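So the chains spell out like this:
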Amino acid sequence: MAEYKKSLGYYQIVTSELTMDAQEVIEKYHGLTQIENQFRVMKSDLETRPLYVSTPEHVTAHLLICMIALILMRIIQKRIRDSGSAAIDPDAYWSSGLNAGRIQAALNKWKVDLLPGDLCRFMDADDPDLKLILDAFGIRLSPKLYRWAELKHIKTEIKVFM
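Calculation criteria
Residues numbered from 1 in each chain as written. Predicted model: local features only at pLDDT ≥ 70, side-chain atom pairs only at ≥ 80, totals over all residues. Heavy atoms only, no water. Helix = DSSP H or I, 4+ residues; strand = E, 2+ residues; numbered from the N terminus. Phe/Tyr/Trp six-rings, centres within 6.5 Å; stacked < 30°, edge-to-face > 60°.

Asks: Is there a simple way to think about unusual backbone geometry in this case?
Replies: With the exception of glycine, the majority of residues adopt a negative phi angle, and the majority of peptide bonds are in the trans configuration. The phi dihedral of D118 falls on the positive side, at around 60 degrees, and the residue is not glycine. Of note, D118 is situated in the loop between β1 (111-115) and β2 (119-123). Even without a glycine there, the phi angle at D124 is positive, about 60 degrees. Within the secondary structure, D124 sits in the loop between β2 and α5 (128-136).

Written out as structure tokens, the structure is:
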């Protein structure tokens, strides 16, 4: 019983790989969980399934869009991690910062209100999750009215890959 209690709270990994050292086994296991996490995000948050298309071209296009969305999600998560403004979970490093559902909710909430006279304003830019995303990309938006030319300038200043 004492031996059992000593191992509580720890994962035990059983492997048939006798030539790998313990650290390599752990890294391979983390890689596996990373892949499983990618599939979970695609199935749930990005709604890869069910498919409402039937031709091979449409299925391919649907899955390609889901993969692009997943890549964008991971870029956003990496930028948030690299910015240092969010807590990092060392056991789930690849998805730390904001989870996929929170990123999706924040981006879905963010809208631009078109106003007369070539003016617009950002809605919900004060949402904490959206602010975290914008800050991670160095995007600073004042609560003011913008002209389209200003928005184009803001867009060209965004550095996705650094």
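Here the narrative resumes, following the displayed structure.
Asks: Is there a simple way to explain the packing of aromatic side chains in this structure?
Replies: The geometry of two aromatic rings is summed up by the distance between their centres and the angle between their planes. Evaluated as defined, the whole model comprises 2 aromatic pairs. Relative to F122, the ring of W110 lies with its centre 5.3 Å away and its plane at 20 degrees, an arrangement referred to as stacked. Of this pair, W110 sits in the loop between α4 (100-109) and β1 while F122 is found in strand β2, placing the two residues 12 residues apart along the sequence. Taking the centre distance of 5.4 Å and the plane angle of 70 degrees together, the rings of F122 and Y146 count as edge-to-face. Of the two residues, F122 is situated in strand β2 and Y146 in strand β3 (residues 146-147); the sequence distance between them amounts to 24 residues. Three or more aromatic residues link up through ring pairs in this structure, and these residues are W110, F122 and Y146.

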